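# Descriptive analysis of the structure
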Amino acid sequence: MGLTSALFGGKLRIALVALVLVAAVVGAAFAAGIIGAPSVDRVDNRFGGVNETATVIETDLYVSNPNPLSANLSGLAVDYGVEMNGIRMATGEKEGVSVGQGTTAVPLRTTLENERIPEWWVSHVQNGEHTDLAVNATVSSETLGRTFEAPEITRSIDTDLLSAFNSTETREINAESPVVSDPVLYVNETRAEWGESTDERTALELTFVVHNPKPYPIAVSELGYDISMNDVAVGEGTTNSEYVISPRSTETIEATTHIQNDRLDEWWVTHLERDQTTDLRIDFYANLDAGGTTLRVPLDPLTYEKTFETDIFGNKAASDGSETTAEPTATETAETTEATETAESETATSTATTTSTATTTSTATTTATTPSSDDGTTTTDDGLL
């Protein structure tokens, strides 16, 4: 062995031994309570950029170091994840993190693949338009040989997309055709509920109570629909069942419409670009056989519009500069209990304002129907997303 090899080999061994001794001393000091354990005090989340395939989630993880020296003995490693209804939406990690004395904000960037949005949507609908959001972070120190769990951040996300469709307001259906006088039908009631959801599509079960004021039967041979969210077409189709409404009588028509789930990732991009705001719209038309004539009639009075907003991380009020106190605070904070070193999670509830807009309506009086007195004004519902 040459002199150089012996010299550098000896220095390397000395360095390794020194590192082992330092780690041992630090570990012993930590075990003796001389060196305090770092902790995670707070986690702040916000949406970054979004494109056709991915959504960036930016996070600040606030790590508190109670020691007078830097805690980057061997660096800290951070693992981070976001789940919605138990579905892992985003995962990130960062190594070699160093923190000084006091509290240090550790920035993280994770990516949510937009292709996961349809799976979450199905779970949201199947869960009664409810989502449980969970943000979990773990900090580990190789030197201290310990892992530190951040306080779990949980939020409830709720929407109410269909209730405003439930109406007993009477609406006229006009054919605007010279071969038949208007109104050709009255719709006295509408109802909606979610149907079966699969990986491919989400069903909407719609019910219409329809009155025929004519002295002859009217057949509804086809009912068509178009569904859009922020002008993104998410569903269209027709029902195949034929209903015949006897003269001066009332019939209940049931129709199943579908949202195509593979189009929801495109909607998600618009939802974030519009500051988590979506305009839902459903348009209808019908083919009617009246008095020996087949008519294609747009059902404009039945057009359904609803605007809903979400506040997934509870910080929209802070990001848009609003000073209202009705919105959640910009930061979700969980405190640790010093006696037990057990982190308590703070559960925050976001508030999403959902606005339904009634389309043009008219009140009809016939011998067979009792029109409602609903004035069709805009209403606001409080919900969450």
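Described in the following lines is the structure provided in the data block. (Residues numbered from 1 in each chain as written. Predicted model: local features only at pLDDT ≥ 70, side-chain atom pairs only at ≥ 80, totals over all residues. Heavy atoms only, no water.)

Using the criterion set out here, one finds 11 salt bridges in the structure. As a salt-bridge pair, Arg274 and Asp279 come within 3.0 Å of each other at their nearest N and O atoms. For Arg274, a relative accessible area of 37% translates into the label partly exposed. Residues joined by salt bridges that share partners form a network here, namely Arg46, Glu58, Asp60 and Arg109. (Salt bridge = Lys/Arg side-chain N within 4 Å of Asp/Glu carboxyl O. Buried < 20%, exposed > 50% of the residue type's maximum accessible area, 1.4 Å probe, protein only.)

This part covers the nonpolar core. In terms of nonpolar packing, the biggest core is built from 75 residues, with Leu61, Trp121, Phe208, Trp267 and Phe284 touching the most fellow members. The residues contacting Leu61, other than those within four sequence positions of it, are Val40, Arg42, Val43, Val78, Thr104, Ala105, Val106, Leu108, Ala137 and Val139. (Core = buried A, V, L, I, M, F, W, Y, C linked by side-chain atoms within 4.5 Å. Contact = heavy atoms within 4.5 Å.)

A word on the sheet that holds strand S10 (residues 185-197). The antiparallel open sheet is built from 4 strands, whose spatial order is S9-S10-S11-S15. Single-partner strands in this sheet number two, and they are strand S9 (171-173) and strand S15 (249-260). Across the sheet, the mean angle separating the axes of adjacent strands is 40° when strand polarity is ignored. Pairing of S10 with strand S11 (residues 201-212), which is carried by 9 bridges, proceeds in the antiparallel orientation. Pairing of Ser197 across the sheet is with Thr202, part of S11. In the packing of helix H2 (residues 117-126) onto the sheet, the strands contacted are S10, S11 and S15, and the crossing angle to S10 comes to about 115°. (Pairing = 2+ DSSP bridges. Helix = DSSP H or I, 4+ residues; strand = E, 2+ residues; numbered from the N terminus. Axes fitted to C-alpha atoms, helices over the stretch in contact; angles between N-to-C directions.)

Across a regular strand the side chains alternate sides, sitting on one face of the sheet and then on the other. Most of strand S6 (residues 130-141) sits out of view: 9 of its 12 residues are buried. Taken together, the 9 bridges between strand S3 (residues 76-84) and S6 define a ladder with antiparallel strand orientation. Residue pairing across strands places Val82 opposite Val135, the latter belonging to S6. Between the antiparallel neighbours S6 and strand S7 (residues 146-149) lie 4 residues, among them Gly145 with a positive phi of about 65°.

The next subject is the packing of H2 against helix H3 (residues 264-273). Packing of H2 against H3 leaves a shortest axis separation of 8 Å and a crossing angle of 90°. Between H2 and H3, the crossing angle belongs to the class labelled roughly perpendicular. Residues Ile117, Pro118, Trp120 and Trp121 of H2 touch H3, and the partners they reach there are Leu264, Asp265, Trp267 and Trp268. Here the residues of the contact of H2 with H3 are counted per class, giving 7 nonpolar, no polar and 1 charged. (Parallel < 35°, antiparallel > 145°, perpendicular 65-115°, else oblique. Nonpolar A, V, L, I, M, F, W, Y, C, P; charged D, E, K, R; others polar.)

With that settled, consider a negative patch on the surface. On the surface, Glu119, Asp199, Glu200 and Asp262 cluster together into a negatively charged patch. Here Asp199 shows up in the loop between S10 and S11. (Patch = residues over 30% accessible without salt bridge, like charges linked within 9 Å, V, L, I, M, F, W, Y side chains within 5 Å. Areas by Shrake-Rupley, 256 points an atom, 1.4 Å probe, with all protein chains shown as cover. Lys, Arg positive; Asp, Glu negative; His and termini not counted. Charge placed at Lys NZ, Arg CZ, Asp CG, Glu CD.)

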